[in-house]
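Below, each chain spelled out in residue letters.
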Amino acid sequence: MNSLKEKYGEWGIILGATEGVGKAIAEKIAKGGMNVILVGRREEKLKELGAEIEKTYQVKSKVIRADFSLSNCTDAIFEATKDLDMGFMSYVACLHSFGKLQDTDWEKHEQMINVNIITFLKCFYHYMGIFAKQDRGLILNISSLTGVTSSPYNAQYGAGKAYIKKLTEAVGYEAEKTNVDVMVATLGSTITPSWLQNQPGGEAGEAAIKAAMTTEDTIDEIFDNIGKVHSLVVGERNRNSVKHWQTDMTADEAAAYMGRFYE
Ligand SMILES: NC(=O)c1ccc[n+]([C@@H]2O[C@H](COP(=O)([O-])OP(=O)(O)OC[C@H]3O[C@@H](n4cnc5c(N)ncnc54)[C@H](OP(=O)(O)O)[C@@H]3O)[C@@H](O)[C@H]2O)c1
């Protein structure tokens, strides 16, 4: 099944591909016939993933080591992809830090701004420009329910996720009546290695895992909706939560609901 390749082009880049959601997206587009460019900090792990994807899906892979918290990290990425027939970009990586705003080191704030906003915007701008010019391509950006409610004690992360969501929704509208599909997928709890690390042990942790979505279900639902909507809250339970927050709660009440998780 080479449907994604036929529709969007030869190569797709996943920014934050090493594990979790990014890895599942890389596998999904490879299954759709696209060659994958895997970007992240852990080069060895990315190379292993690339080899596994090449073998399973008979596509090509490239690995680019980059740390999105560093300014100018995109120079090497854009240089490495400039001669390729690009058709897909997904910005997946995120950075969070728990604690009150003023108790978090300024250096950490700058890193979060880079990962969650500046590098994201540079990549979105760059590949959107290419896709618009060729009138073909797919952008898939990843947001979070914390960007819907706001996220006390993880405030900058939540604000960054709101930025990704609102920016992508607007650009999605701008790209209507073209052959460029633009989507932001808003995720709730999704079982990934980094999410598991942040879960409590015991019964509370078990309940959280039971309520969370798998990456496979998440990615299948996202790809089933591409070209149909620009903004998707993934999962019935998450959609019901958003509906409840937006219809039955004030913004203060929704922030308090999220804040209580970290108190
Ligand atoms: N999991 C959830 O429950 C959940 C819920 C809501 C929203 N989301 C969103 O879903 C996305 C993926 O979540 P996830 O749990 O799969 O995330 P993750 O594991 O924290 O990050 C995904 C990938 O990004 C790469 N990455 C992280 N920081 C990077 C940096 N500074 N530079 C380059 N690459 C970096 C990591 O690889 P390296 O370590 O090799 O760099 C990792 O493979 C995020 O945008 C997150 O906000 C997740």
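This text goes with the structure placed above it.
Everything in this summary refers to the structure shown in the same document. Each chain carries its own residue numbering, running from 1 in the written order of its sequence. With the structure being a predicted model, the display of local features is reserved for residues of pLDDT at least 70 and the display and counting of side-chain atom pairs for 80 or more, all residues being used for whole-chain, interface and lining totals.

## Concerning unusual backbone geometry
- For Asn72, which is not glycine, the phi torsion reads 70 degrees and is therefore positive.
- Only runs of H or I of at least four residues qualify as helices and only runs of E of at least two qualify as strands under DSSP, and these elements are numbered from the N terminus. Relative to the elements of secondary structure, Asn72 occurs in the loop between β3 (61–65) and α4 (74–81).
- Classification of Asn72 as exposed rests on a count of 9 C-beta atoms within 10 Å.
- For Asp135, which is not a glycine, the phi torsion comes out positive at approximately 55 degrees.
- Exposure criterion: with C-beta atoms placed from backbone coordinates, a residue whose C-beta has 20 or more other C-beta atoms within 10 Å is buried, one with 12 or fewer is exposed, and one in between is partly exposed. For Asp135, a count of 10 C-beta atoms within 10 Å corresponds to the exposed category.

## Some words on the nonpolar core
- Counting 60 residues, the largest nonpolar core has Ile14, Ala26, Val36 and Leu38 as the members making the most contacts within it.
- The greatest single-element share of this core, amounting to 8 residues, is contributed by helix α5 (residues 106–134). As used here, a nonpolar core is made of buried Ala, Val, Leu, Ile, Met, Phe, Trp, Tyr and Cys residues. They are joined through C-beta atoms within 7 Å.

## Considering the site of the ligand
- Whether a residue is near a molecule or strand depends on its C-beta atom, placed from the backbone, lying within 6 Å of it. As a structural note, the neighbourhood of the ligand is formed by 26 residues, with Gly16, Thr18, Gly20, Gly40 and Arg41 the closest of them.
- Elements with a minimum of two residues in the shell around the ligand: α2 (20–31), β5 (137–144) and α8 (193–197).
- Per-element tally for the shell around the ligand: the top contributor is α2, with 3 residues.
- Here the term charged refers only to Asp, Glu, Lys and Arg, the term nonpolar to Ala, Val, Leu, Ile, Met, Phe, Trp, Tyr, Cys and Pro, and the term polar to all other amino acids, Gly among them. Residues belonging to the shell around the ligand are distributed by class as follows: 11 nonpolar, 11 polar and 4 charged.

## Describing the pairing of strand β2 (residues 35–40)
- Extensive coverage of β2 is indicated by the burial of 6 of its 6 residues.
- Residue alternation in β2 divides its side chains into two sets, Asn35, Ile37 and Val39 and Val36, Leu38 and Gly40, and both sets are buried.
- Sheet analysis places β2 next to β3, joined by 5 bridges and oriented parallel. Residue pairing across strands places Val39 opposite Ile64, the latter belonging to β3.
- Consider the strands pointing away from the viewer: the crossover is right-handed when the path from the first strand over the helix to the second runs clockwise. With helix α3 (residues 43–57) bridging β2 and the parallel β3, this β-α-β connection has right-handed handedness. In this analysis, strands are considered paired if DSSP registers two or more bridges between them.

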